[in-house]
Amino acid sequence: MKTTKPALGPPRARKKWAMFEDLEKIHTKPGVFEVYTAQSLWAEAHRAQQMLQFHLDGQIDVSSRNHVFLDRSSAWITKQFDLGPGKTVCDFGCGPGLYTARLAASGARVSGIDFSHSSITYARAQAAKAGLPISYHEGNYLEFIPQQRFDLITMIMCDYCALSPEQRQKLLGIWRDCLGDDGAILLDVYSMAAFARREETSFCEKNQLGHFWYAEDYYAFVNSFKYESEAVMLDKYSLFPARGKPETVYNWLQYFSLESLSAELAQAGLQIDQSFRDVAGQPFSPEHDEFAVIIKKLA
Ligand SMILES: C[S@@+](CC[C@H](N)C(=O)[O-])C[C@H]1O[C@@H](n2cnc3c(N)ncnc32)[C@H](O)[C@@H]1O
(Lines give C-alpha, C1' and ligand atoms only; values in the text may rest on other atoms or scores of the structure.)
Protein backbone atom coordinates (compact mmCIF):
# COMPACT_ATOMS: atom_id res chain seq x y z
CA MET A 1 0.00 0.00 0.00
CA LYS A 2 1.30 3.46 -0.85
CA THR A 3 1.71 5.80 2.10
CA THR A 4 1.78 9.59 1.84
CA LYS A 5 4.33 11.45 3.93
CA PRO A 6 3.04 14.28 6.11
CA ALA A 7 3.52 17.64 4.42
CA LEU A 8 5.61 18.89 7.37
CA GLY A 9 9.38 19.13 6.93
CA PRO A 10 11.96 17.56 9.20
CA PRO A 11 11.41 18.52 12.87
CA ARG A 12 14.28 21.01 13.06
CA ALA A 13 13.05 23.01 10.06
CA ARG A 14 9.52 23.38 11.42
CA LYS A 15 8.50 26.77 12.78
CA LYS A 16 7.09 26.81 16.32
CA TRP A 17 3.50 27.93 16.71
CA ALA A 18 3.23 31.44 18.17
CA MET A 19 1.08 30.07 20.97
CA PHE A 20 3.75 27.48 21.87
CA GLU A 21 6.31 30.27 22.07
CA ASP A 22 4.01 32.35 24.30
CA LEU A 23 3.45 29.38 26.60
CA GLU A 24 7.21 28.80 26.77
CA LYS A 25 7.75 32.44 27.82
CA ILE A 26 4.96 32.24 30.38
CA HIS A 27 6.50 29.16 32.01
CA THR A 28 10.13 30.36 31.92
CA LYS A 29 11.76 31.02 35.27
CA PRO A 30 13.76 34.28 35.01
CA GLY A 31 17.02 35.05 36.81
CA VAL A 32 16.40 36.05 40.40
CA PHE A 33 15.34 39.73 40.74
CA GLU A 34 15.96 40.13 36.97
CA VAL A 35 13.11 42.61 36.40
CA TYR A 36 11.48 45.17 38.74
CA THR A 37 7.85 45.98 37.91
CA ALA A 38 6.52 47.28 41.25
CA GLN A 39 5.26 50.42 39.49
CA SER A 40 2.96 48.32 37.24
CA LEU A 41 1.62 46.48 40.27
CA TRP A 42 0.96 49.45 42.57
CA ALA A 43 0.98 52.70 40.61
CA GLU A 44 -0.70 51.93 37.24
CA ALA A 45 -3.95 53.94 37.35
CA HIS A 46 -6.51 51.09 37.28
CA ARG A 47 -4.55 48.85 39.70
CA ALA A 48 -3.80 51.74 42.08
CA GLN A 49 -7.57 52.27 42.42
CA GLN A 50 -8.09 48.54 43.08
CA MET A 51 -5.28 48.59 45.65
CA LEU A 52 -6.84 51.61 47.34
CA GLN A 53 -10.11 49.70 47.76
CA PHE A 54 -8.15 46.81 49.38
CA HIS A 55 -6.29 49.22 51.71
CA LEU A 56 -9.56 50.78 52.83
CA ASP A 57 -11.43 47.51 53.40
CA GLY A 58 -10.89 47.25 57.13
CA GLN A 59 -11.77 43.53 57.28
CA ILE A 60 -9.01 42.04 55.08
CA ASP A 61 -5.22 41.71 55.14
CA VAL A 62 -4.65 42.76 51.53
CA SER A 63 -2.46 45.80 50.66
CA SER A 64 -2.86 46.92 54.31
CA ARG A 65 -3.66 44.79 57.33
CA ASN A 66 -7.16 44.75 58.82
CA HIS A 67 -8.02 47.87 60.76
CA VAL A 68 -8.37 46.19 64.16
CA PHE A 69 -4.71 45.16 63.79
CA LEU A 70 -3.78 48.62 62.50
CA ASP A 71 -5.24 50.26 65.61
CA ARG A 72 -3.44 47.84 67.92
CA SER A 73 -0.18 48.16 65.98
CA SER A 74 -0.29 51.98 65.88
CA ALA A 75 -0.98 52.13 69.63
CA TRP A 76 2.01 49.84 70.27
CA ILE A 77 4.31 51.88 67.97
CA THR A 78 3.24 55.16 69.63
CA LYS A 79 4.05 53.73 73.08
CA GLN A 80 7.19 51.79 72.12
CA PHE A 81 8.83 54.82 70.46
CA ASP A 82 7.34 57.36 72.87
CA LEU A 83 5.84 59.35 69.98
CA GLY A 84 4.52 62.80 70.68
CA PRO A 85 5.29 66.48 70.00
CA GLY A 86 8.94 67.00 69.07
CA LYS A 87 9.33 63.50 67.52
CA THR A 88 9.73 62.96 63.77
CA VAL A 89 8.54 59.89 61.82
CA CYS A 90 8.77 58.85 58.17
CA ASP A 91 6.69 55.96 56.78
CA PHE A 92 8.12 54.46 53.56
CA GLY A 93 5.42 52.91 51.33
CA CYS A 94 2.74 54.67 53.38
CA GLY A 95 -0.14 53.81 51.02
CA PRO A 96 -3.26 55.88 51.80
CA GLY A 97 -1.86 56.96 55.17
CA LEU A 98 -3.47 54.44 57.51
CA TYR A 99 -0.38 54.39 59.76
CA THR A 100 0.73 58.00 59.21
CA ALA A 101 -2.68 59.35 60.33
CA ARG A 102 -2.74 57.15 63.43
CA LEU A 103 0.85 58.04 64.39
CA ALA A 104 0.33 61.76 63.73
CA ALA A 105 -2.54 61.75 66.24
CA SER A 106 0.20 61.49 68.93
CA GLY A 107 1.44 64.97 68.01
CA ALA A 108 4.58 63.67 66.27
CA ARG A 109 5.61 65.32 62.97
CA VAL A 110 4.92 62.61 60.40
CA SER A 111 5.94 62.23 56.75
CA GLY A 112 4.90 59.53 54.28
CA ILE A 113 6.20 58.52 50.86
CA ASP A 114 4.52 56.37 48.23
CA PHE A 115 4.51 56.23 44.43
CA SER A 116 0.77 55.54 44.12
CA HIS A 117 -0.98 58.73 43.02
CA SER A 118 -4.37 57.36 44.15
CA SER A 119 -3.08 56.52 47.63
CA ILE A 120 -1.23 59.81 48.18
CA THR A 121 -4.22 61.83 46.91
CA TYR A 122 -6.47 59.97 49.35
CA ALA A 123 -3.95 60.37 52.21
CA ARG A 124 -3.62 64.14 51.64
CA ALA A 125 -7.39 64.60 51.56
CA GLN A 126 -7.82 62.64 54.80
CA ALA A 127 -5.07 64.60 56.57
CA ALA A 128 -6.63 67.90 55.49
CA LYS A 129 -10.05 66.74 56.72
CA ALA A 130 -8.62 65.70 60.10
CA GLY A 131 -6.41 68.82 60.37
CA LEU A 132 -3.26 66.68 60.68
CA PRO A 133 -0.09 68.39 59.37
CA ILE A 134 1.30 65.25 57.66
CA SER A 135 3.84 65.80 54.90
CA TYR A 136 3.27 63.45 51.94
CA HIS A 137 5.67 62.85 49.04
CA GLU A 138 4.52 61.14 45.86
CA GLY A 139 7.48 59.25 44.40
CA ASN A 140 9.73 56.22 44.40
CA TYR A 141 11.24 55.67 47.85
CA LEU A 142 14.42 54.32 46.24
CA GLU A 143 14.99 57.84 44.84
CA PHE A 144 13.89 59.74 47.95
CA ILE A 145 16.26 62.43 49.26
CA PRO A 146 14.98 63.33 52.76
CA GLN A 147 15.47 66.93 53.82
CA GLN A 148 15.47 66.18 57.56
CA ARG A 149 16.40 63.52 60.12
CA PHE A 150 13.88 61.17 61.70
CA ASP A 151 13.49 59.60 65.14
CA LEU A 152 11.53 56.73 63.62
CA ILE A 153 11.46 55.25 60.11
CA THR A 154 8.86 52.60 59.30
CA MET A 155 8.23 50.23 56.40
CA ILE A 156 5.23 48.05 57.17
CA MET A 157 3.63 45.02 55.55
CA CYS A 158 6.79 43.40 54.25
CA ASP A 159 7.43 45.81 51.38
CA TYR A 160 11.17 45.47 52.09
CA CYS A 161 10.90 41.86 50.82
CA ALA A 162 9.86 42.99 47.33
CA LEU A 163 13.29 44.56 46.74
CA SER A 164 16.47 43.00 45.33
CA PRO A 165 19.61 42.85 47.53
CA GLU A 166 21.02 45.88 45.65
CA GLN A 167 17.80 47.88 46.09
CA ARG A 168 17.70 46.95 49.78
CA GLN A 169 21.27 48.20 50.29
CA LYS A 170 20.33 51.44 48.53
CA LEU A 171 17.30 51.89 50.80
CA LEU A 172 19.29 51.03 53.94
CA GLY A 173 21.79 53.73 52.91
CA ILE A 174 18.97 56.30 52.57
CA TRP A 175 17.61 55.27 55.98
CA ARG A 176 21.01 55.36 57.70
CA ASP A 177 21.69 58.85 56.35
CA CYS A 178 18.40 60.34 57.57
CA LEU A 179 18.12 58.46 60.86
CA GLY A 180 18.77 60.48 64.00
CA ASP A 181 21.65 59.16 66.11
CA ASP A 182 19.25 57.65 68.66
CA GLY A 183 16.63 56.90 66.03
CA ALA A 184 15.11 53.52 65.12
CA ILE A 185 13.75 51.74 62.07
CA LEU A 186 10.71 49.45 62.36
CA LEU A 187 10.41 46.84 59.65
CA ASP A 188 8.51 43.57 59.10
CA VAL A 189 9.63 40.78 56.76
CA TYR A 190 8.62 37.28 55.64
CA SER A 191 10.24 34.43 57.60
CA MET A 192 12.05 31.26 56.53
CA ALA A 193 9.13 29.28 58.05
CA ALA A 194 6.86 30.93 55.48
CA PHE A 195 9.38 30.14 52.72
CA ALA A 196 9.35 26.43 53.68
CA ARG A 197 5.57 26.43 53.24
CA ARG A 198 5.65 27.95 49.73
CA GLU A 199 5.49 25.73 46.63
CA GLU A 200 5.90 26.26 42.90
CA THR A 201 2.46 26.47 41.26
CA SER A 202 1.01 27.37 37.89
CA PHE A 203 -2.53 28.21 36.82
CA CYS A 204 -4.53 30.29 34.38
CA GLU A 205 -7.69 32.21 35.20
CA LYS A 206 -10.00 34.54 33.30
CA ASN A 207 -10.27 37.99 34.97
CA GLN A 208 -8.12 36.76 37.88
CA LEU A 209 -8.71 38.64 41.18
CA GLY A 210 -12.03 40.05 39.98
CA HIS A 211 -10.75 42.44 37.28
CA PHE A 212 -7.84 43.58 39.46
CA TRP A 213 -5.50 43.77 36.47
CA TYR A 214 -7.75 45.46 33.85
CA ALA A 215 -11.30 46.78 33.61
CA GLU A 216 -11.65 44.82 30.35
CA ASP A 217 -11.63 41.01 30.13
CA TYR A 218 -8.27 39.23 30.26
CA TYR A 219 -6.55 35.94 30.91
CA ALA A 220 -3.89 35.77 33.63
CA PHE A 221 -1.28 33.01 33.84
CA VAL A 222 0.15 32.91 37.36
CA ASN A 223 3.46 31.09 37.76
CA SER A 224 5.12 30.90 41.17
CA PHE A 225 8.82 30.01 41.08
CA LYS A 226 10.97 29.11 44.04
CA TYR A 227 14.67 30.07 44.26
CA GLU A 228 15.82 27.71 47.01
CA SER A 229 19.38 28.90 47.56
CA GLU A 230 18.42 32.60 47.54
CA ALA A 231 15.25 32.12 49.71
CA VAL A 232 13.24 34.06 47.12
CA MET A 233 9.80 33.45 45.56
CA LEU A 234 8.54 35.00 42.36
CA ASP A 235 4.87 35.34 41.52
CA LYS A 236 4.94 36.02 37.80
CA TYR A 237 1.74 37.31 36.20
CA SER A 238 1.54 36.96 32.40
CA LEU A 239 -1.43 39.08 31.41
CA PHE A 240 -3.39 38.95 28.15
CA PRO A 241 -6.09 41.62 27.94
CA ALA A 242 -8.82 41.36 25.27
CA ARG A 243 -7.67 44.46 23.40
CA GLY A 244 -4.60 45.87 25.18
CA LYS A 245 -0.97 44.80 24.87
CA PRO A 246 0.09 41.69 26.82
CA GLU A 247 2.37 42.40 29.78
CA THR A 248 4.22 40.58 32.54
CA VAL A 249 4.28 41.69 36.17
CA TYR A 250 6.87 40.25 38.57
CA ASN A 251 6.23 40.18 42.31
CA TRP A 252 9.44 39.13 44.08
CA LEU A 253 9.53 38.13 47.72
CA GLN A 254 12.69 37.71 49.75
CA TYR A 255 12.34 35.57 52.90
CA PHE A 256 14.60 36.16 55.92
CA SER A 257 15.98 34.60 59.07
CA LEU A 258 17.17 36.87 61.87
CA GLU A 259 20.72 35.93 60.81
CA SER A 260 20.32 36.77 57.11
CA LEU A 261 18.64 40.07 57.91
CA SER A 262 21.34 40.96 60.47
CA ALA A 263 24.06 40.25 57.90
CA GLU A 264 22.66 42.66 55.31
CA LEU A 265 21.94 45.33 57.92
CA ALA A 266 25.55 45.14 59.13
CA GLN A 267 26.75 45.93 55.59
CA ALA A 268 24.87 49.23 55.90
CA GLY A 269 26.11 50.02 59.41
CA LEU A 270 22.84 48.96 61.07
CA GLN A 271 21.88 46.24 63.55
CA ILE A 272 18.82 44.51 64.98
CA ASP A 273 18.03 45.87 68.43
CA GLN A 274 14.85 43.86 69.18
CA SER A 275 12.71 41.29 67.36
CA PHE A 276 8.97 40.59 67.53
CA ARG A 277 6.35 38.40 65.91
CA ASP A 278 4.67 41.42 64.31
CA VAL A 279 4.53 45.22 64.27
CA ALA A 280 2.14 45.12 67.22
CA GLY A 281 4.90 43.93 69.57
CA GLN A 282 3.90 40.26 70.07
CA PRO A 283 6.80 38.01 71.22
CA PHE A 284 9.05 36.72 68.40
CA SER A 285 8.23 33.25 67.05
CA PRO A 286 10.37 31.59 64.33
CA GLU A 287 7.33 29.54 63.20
CA HIS A 288 5.26 32.59 62.29
CA ASP A 289 5.02 33.67 58.60
CA GLU A 290 6.49 37.09 59.39
CA PHE A 291 8.60 38.81 61.98
CA ALA A 292 9.30 42.43 62.88
CA VAL A 293 12.50 44.11 64.01
CA ILE A 294 13.61 47.36 65.56
CA ILE A 295 16.84 48.44 63.90
CA LYS A 296 19.40 50.93 65.18
CA LYS A 297 22.72 52.30 63.98
CA LEU A 298 25.69 50.03 64.74
CA ALA A 299 27.34 51.20 67.91
C1 LIG B 1 1.98 46.37 51.07
S2 LIG B 1 1.58 48.07 50.85
C3 LIG B 1 1.71 48.64 52.51
C4 LIG B 1 1.07 49.97 52.76
C5 LIG B 1 1.23 50.52 54.20
N6 LIG B 1 2.59 50.40 54.67
C7 LIG B 1 0.28 49.81 55.14
O8 LIG B 1 0.72 48.89 55.84
O9 LIG B 1 -0.89 50.19 55.17
C10 LIG B 1 3.08 48.67 50.06
C11 LIG B 1 3.03 50.15 49.66
O12 LIG B 1 4.31 50.50 49.14
C13 LIG B 1 4.16 51.28 47.97
N14 LIG B 1 5.38 51.06 47.16
C15 LIG B 1 5.86 49.89 46.67
N16 LIG B 1 7.04 50.08 46.06
C17 LIG B 1 7.31 51.42 46.15
C18 LIG B 1 8.39 52.24 45.71
N19 LIG B 1 9.43 51.72 45.03
N20 LIG B 1 8.34 53.56 45.99
C21 LIG B 1 7.29 54.11 46.68
N22 LIG B 1 6.24 53.38 47.11
C23 LIG B 1 6.25 52.05 46.86
C24 LIG B 1 2.88 50.79 47.33
O25 LIG B 1 2.30 51.75 46.49
C26 LIG B 1 2.03 50.47 48.57
O27 LIG B 1 1.26 51.58 48.96
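Every chain's residues receive numbers from 1 upward, in the order its sequence appears when written. Reporting in this predicted model follows two pLDDT cut-offs: at least 70 for local features of residues, and 80 or more for side-chain atom pairs to be given and counted; totals over whole chains, interfaces and linings ignore these cut-offs and use all residues.

## What to know about the overall build of the chain
A tally of helices and strands in the chain yields 10 helices and 11 strands. Restricting the contact set of the chain to residue pairs at least 6 apart, pairs at least 24 apart contribute 64%. Helical segments are the DSSP runs of H or I of at least four residues, strand segments are the runs of E of at least two, and each set is numbered from the N terminus. Note on contacts: each residue gets a C-beta atom placed from the backbone, and two residues are in contact if those atoms are within 7 Å.

## Remarks on the site of the ligand
Near, for a residue, is defined by distance from a backbone-placed C-beta atom to a molecule or strand, with 6 Å as the limit that must not be exceeded. Surveying the vicinity of the ligand reveals 19 residues, the closest of which are W42, S64, G93, G95 and F115. Looking at the shell around the ligand, the elements that each hand over two or more residues are helix 2 (38-42) and helix 5 (98-104). For this classification, Asp, Glu, Lys and Arg are treated as charged, while Ala, Val, Leu, Ile, Met, Phe, Trp, Tyr, Cys and Pro are nonpolar and the rest, including Gly, are polar. Taken together, the residues that form the shell around the ligand break down as 10 nonpolar, 7 polar and 2 charged.

## A word on helix 7 (residues 165-178)
Between its first and last C-alpha, helix 7 extends 20 Å over 14 residues, near the 20 Å set by a 1.5 Å rise per residue. Residues with at least 20 neighbouring C-beta atoms inside 10 Å of their own are called buried, those with 12 or fewer are called exposed, and the rest are partly exposed, where every C-beta is derived from the backbone. For helix 7, the set of buried residues is R168, L171, L172 and W175. Along the axis of helix 7, the buried positions cluster into a sector of 105°, meaning they face one direction only. Seen from the buried face of helix 7, the exposed residues on the opposite side, beyond 90 degrees, are E166 and D177. By this rule, a helix spans an expected 1.5 Å times one less than how many residues it contains. An arc is given here, and it is the one of the directions from the helix axis to the C-beta atoms.

## With respect to the pairing of strand 7 (residues 218-227)
The two faces of a sheet get side chains in turn, since along a regular strand they alternate between them. Note that strand 6 (residues 201-206) and strand 7 share 6 bridges and pair antiparallel. Directly across from T201, in strand 7, lies its bridge partner S224. Only when DSSP finds a minimum of two bridges between them are two strands counted as paired. Note that strand 7 and strand 8 (residues 232-241) share 10 bridges and pair antiparallel. Within strand 8, the position partnered with A220 by the bridge is L239. With antiparallel pairing between neighbouring strands as the criterion, strand 7 and strand 8 make up a hairpin whose turn holds 4 residues, including A231 at a positive phi of roughly 55°.

## A short note on the nonpolar core
Residues of type Ala, Val, Leu, Ile, Met, Phe, Trp, Tyr and Cys that are buried and joined through C-beta atoms within 7 Å form what is called a nonpolar core. Counting 52 residues, the largest nonpolar core has L187 and V189 as the members making the most contacts within it. A total of 7 residues in this core trace back to one element, the largest contributor, which is strand 5 (residues 179-191). The residues contacting L187, other than those within four sequence positions of it, are M155, Y160, A292, V293 and I295.

## Quick notes on unusual backbone geometry
The backbone phi angle of S63 is positive, close to 70°, even though this residue is not glycine. Secondary-structure assignment places S63 in the loop between helix 3 (45-56) and helix 4 (67-80). The exposure class of S63 is buried, given the 20 C-beta atoms found within 10 Å. The phi torsion at H211 lies on the positive side, around 65°, for a residue other than glycine. Among the residues examined, H211 registers 13 C-beta atoms within 10 Å and is labelled partly exposed.

## Considerations on the environment of G95
For G95, the position within the fold is in the loop between strand 1 (88-92) and helix 5. Along the primary structure G95 and L52 are separated by 43 residues, whereas in three dimensions their C-alpha atoms are 7.9 Å apart. Leave out the neighbours within four places in its chain, and G95 touches H55, S63, S64, D114 and S119.

## Examining the pairing of strand 3 (residues 135-138)
In this sheet, strand 3 lies alongside strand 2 (residues 109-114) in parallel orientation, the contact comprising 4 bridges. Bridged to D114 within strand 3 is E138. A crossover counts as right-handed when, viewed with the strands pointing away from the observer, the path leading from the first strand over the helix to the second turns clockwise. The parallel pair strand 2 and strand 3, bridged by helix 6 (residues 117-130), forms a crossover whose chirality is right-handed.

Just geometry here; none of it tells us what the structure is for.
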